[in-house]
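# Descriptive analysis of the structure
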Amino acid sequence: MVKVVYEIVPHDGGWAYRFRDVYSEAFPTHSEAVEAARIVAAEQQIGGDSAEISWQDESGKWHEEYADGGDRPETEVIDGQVHFPPIDTAPGA
């Protein structure tokens, strides 16, 4: 299973969450960046529709495969050594 880890970091005079080398927008406060990252992490858990997809690799070759809409990554938000669970976005939460 794929794991997506969002890290809270200083960025552009504020705070952002980062996945690998990609940064979110800058938030004025640390707590706003944490909240935004937790929301994004929770949204990663929402499944979609299964579908046949096609994609082109680096060499230009086309591939077709079945994408299971319920196959969602594990997510985590970290800030130094602090780990935050995603915000529960399930109906009724």
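In this report, the structure presented in the accompanying data block is examined. Every chain's residues receive numbers from 1 upward, in the order its sequence appears when written. The predicted nature of this model means local features are confined to residues of pLDDT at least 70 and side-chain atom pairs, given and counted, to a pLDDT of 80 or more, with totals for whole chains, interfaces and linings taken over all residues. The basis for the side-chain values is all heavy atoms of the structure; hydrogens and waters are excluded.

The secondary structure listing takes helices from DSSP runs of H or I that are at least 4 residues long and strands from runs of E that are at least 2 residues long, numbered from the N terminus. Secondary structure assignment for the protein chain yields 1 helix and 7 strands. Along the protein chain, helices and strands appear, N-terminal first, in the series β-β-β-α-β-β-β-β. Summary of the burial criterion: residues with accessible area below 20% of their type's maximum are buried, those above 50% are exposed, and those between are partly exposed, where the area comes from a 1.4 Å probe applied to protein chains only. Relative to its full complement of 93 residues, the protein chain shows a buried share of 25%. The contact rule is simple, with two residues in contact once any of their heavy atoms fall within 4.5 Å. Pairs at least 24 residues apart make up 42% of the contacts formed inside the protein chain by residues separated by at least 6 positions.

Stacked, tilted and edge-to-face are the three classes applied to pairs of Phe, Tyr and Trp rings, where Trp contributes its six-membered ring and a pair requires centres within 6.5 Å; stacked means planes under 30 degrees apart, edge-to-face means over 60, and tilted covers the rest. The full count for this structure, using the stated rule, is 3 aromatic pairs. Arranged with centres 5.6 Å apart and planes meeting at 90°, the rings of tyrosine 6 and tyrosine 17 form a pair that is edge-to-face. With a gap of 11 residues between them, tyrosine 6 in strand β1 (residues 3–11) and tyrosine 17 in strand β2 (residues 14–19) connect regions that are remote in the sequence. Grouping residues by exposure puts tyrosine 6 and tyrosine 17 together as buried. When the ring of tyrosine 17 is compared with that of phenylalanine 27, the centres are 6.4 Å apart and the planes differ by 25°; the resulting orientation is stacked. Here the residue tyrosine 17 occupies a position in strand β2, and phenylalanine 27 occupies one in the loop between β3 (22–23) and α1 (30–43), the gap between them amounting to 10 residues. Residue tyrosine 17 is classed as buried on the basis of its relative accessible area of 16%. Among the residues examined, phenylalanine 27 registers a relative accessible area of 15% and is labelled buried. In this structure an aromatic cluster arises from ring pairing among Tyr6, Tyr17, Phe19 and Phe27.

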